[in-house]
Amino acid sequence: MPSPIILHHFDESPFSEKIRVVFGLKDIAWTSVRISRIMPRPDLMPMTGGYRRTPVMQIGADIYCDSQCILRELERRFPQPSLLPDGSTGLAWASAMWTDRSFFQNTVNLVFGSLADKVPQEFIADREKLRGAKFDVAAMTSAIAQMRDQLRTHLQWIEMQLADGRAWLGGDTACLFDVNAYMNVWYVRQNMPDADALLAEFGHVRAWETRMRAIGHGRRSEMSTAEALSIAKDAVPQTAEQADPRDPNGRQPGDRVEVMPDDYGKIKVGGEIVALSPQHIAIRRHDPLAGDVVVHFPRAGFLVLPI
Ligand SMILES: N[C@@H](CCC(=O)N[C@@H](CS)C(=O)NCC(=O)O)C(=O)O
């Protein structure tokens, strides 16, 4: 029996919403493993080797970290309907550097600044560890006016793109542009009581948001974290060795490296390179609880360090 497509996520997670929407777009049957919003995650860490951001996708003993990497793998396994708009493939992938960084920093600061004293202390302590810096809700609250200005700018870019009456950001069909940008609008809608007011002037965005919501989340079933860990333990990683002859640093399959995000959650995951390309790195590691696993990361926004 083929390994199920497992998403380790929590329902409130905007980066996970990207993946859930793609399950909807591609009508994929998937298994939801709901993880805690804060650490510890004792059944997941043996599989990721310490990578602690959400979401993580697991297929047998192959573990995909970061939404960019997950989407790339889903597009590879389920090419139709494609996430990539005709003539704009490169820009579609690159759009994550807008939506996941400056746009998301804007919406996350707005959301937590607005929640203010409703943010639980243990959540603040967890996110301080994640960021390696103070999670300063008071500073976020005082920046709300600035964050509203920034949000308006981001939303207007979406509005401009839809202004010719097209249904989707890339044209006639929903694509990666839509998935990436929608995450932030969804996050504002879920958390800001005045979302209607924030979106009021953007009629095209509101109509597009309704279309995005109607895509749904594909075919979802639930599994426990412990069951997912035992699937990894019983499986054999399926990633084929792949060299990158033009790797600028001469890295080769078999080299030992550590991989970590360059922005937050900077935990190094060590292993031996199995596959390498300009967009992707996969490393093999062994864990007493998870067995042999191959952990996959994107290259954009990640550092690869020799051991
Ligand atoms: N670049 C990452 C960012 C993921 C991210 O920041 N996720 C948030 C939740 S939506 C997170 O990891 N929060 C801390 C945690 O869940 O441990 C991606 O695209 O997956």
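Residues numbered from 1 in each chain as written. Predicted model: local features only at pLDDT ≥ 70, side-chain atom pairs only at ≥ 80, totals over all residues. Heavy atoms only, no water.

- If you look the chain up in an unreviewed UniProt entry, it shows as Glutathione S-transferase from Bradyrhizobium lablabi.

### Quick word on the overall build of the chain
- Of the regular secondary structure elements, the chain holds 12 helices and 10 strands.
- At 19 Å, the chain has a C-alpha radius of gyration in line with the 19 Å of a compact globule built from 307 residues.
- Along the first, second and third principal axes, the C-alpha set of the chain runs to 55 × 45 × 40 Å.
- Across the 307 residues of the chain, 52% fall into the buried class.
- Relative to all contacts within the chain whose residues are 6 or more apart in sequence, the contacts with residues 24 or more apart total 70%.
- Per element, the accessible surface of the chain, about 13900 Å² overall, is 53% carbon and sulfur. (Helix = DSSP H or I, 4+ residues; strand = E, 2+ residues; numbered from the N terminus. Rg over C-alpha atoms; globule rule 2.2 N^0.38 Å. Buried < 20%, exposed > 50% of the residue type's maximum accessible area, 1.4 Å probe, protein only. Contact = heavy atoms within 4.5 Å. Areas by Shrake-Rupley, 256 points an atom, 1.4 Å probe, with all protein chains shown as cover.)

### Some points on the side chain of Glu-159
- Inspection of the secondary structure puts Glu-159 in helix 8 (residues 144–162).
- A distance of 3.2 Å separates the side chain of Glu-159 from the backbone nitrogen of His-204, its partner in a polar contact.
- Residues in contact with Glu-159, not counting those within four places in the same chain, are Glu-201, Phe-202, Gly-203, His-204 and Val-205. (Polar contact = N/O pair within 3.5 Å; in protein donor to acceptor, adjacent residues only side chain to side chain.)

### Concerning the pattern of salt bridges
- Inspection of every chain in the model, using the stated rule, returns 24 salt bridges.
- Asp-100 is the salt-bridge partner of Lys-18, the closest N and O atoms lying 2.8 Å from each other. Placement of Lys-18 in helix 1 (residues 14–25) and of Asp-100 in helix 5 (residues 96–115) is noted, with a sequence separation of 82 residues between them.
- Residue classification places Lys-18 among the buried residues on the basis of a relative accessible area of 1%.
- Here Asp-100 falls in the buried class, since its relative accessible area comes to 10%. (Salt bridge = Lys/Arg side-chain N within 4 Å of Asp/Glu carboxyl O.)

### A word on the UniProt feature "domain: GST N-terminal" (unreviewed entry) in the chain
- Annotation from UniProt places "domain: GST N-terminal" (unreviewed entry) at residues 3–82.
- Span residues 3–82 is 34% helix and 24% strand, its end C-alpha atoms 22 Å apart. (UniProt positions renumbered as here; feature names shortened; annotations may be inferred.)

### Digging into the site of the ligand
- With respect to spatial proximity, 15 residues lie near the ligand, and among them Arg-52, Thr-54, Asp-66, Ser-67 and Tyr-264 are the closest.
- Within the side chain of Arg-53, a nitrogen or oxygen atom sits 3.3 Å from a nitrogen atom of the ligand.
- At a separation of 2.6 Å, an oxygen atom of the ligand approaches a polar side-chain atom of Ser-67.
- At the level of secondary structure, the elements contributing two or more residues to the shell around the ligand comprise helix 1 and helix 6 (121–131).
- Its residues assigned to classes, the shell around the ligand comprises six nonpolar, three polar and six charged. (Near = heavy atom within 4 Å. Nonpolar A, V, L, I, M, F, W, Y, C, P; charged D, E, K, R; others polar.)

### Topic: the packing of helix 1 against helix 9 (residues 176–191)
- Running from N to C, helix 1 and helix 9 cross one another at 125°; their axes reach a closest spacing of 9 Å. For the element pair helix 1 / helix 9, the angle class is oblique. When you trace helix 1 past helix 9, the crossing you get is right-handed. Touching Pro-14, Phe-15, Glu-17, Lys-18, Arg-20, Val-21, Val-22 and Leu-25 of helix 1 are Val-179, Asn-180, Tyr-182, Met-183, Trp-186 and Tyr-187, all from helix 9.
- Along the lines of polarity and charge, the residues of the contact of helix 1 with helix 9 split into 10 nonpolar, one polar and three charged. (Axes fitted to C-alpha atoms, helices over the stretch in contact; angles between N-to-C directions. Parallel < 35°, antiparallel > 145°, perpendicular 65-115°, else oblique. Left-handed = near helix turned anticlockwise from the far one by under 90°.)

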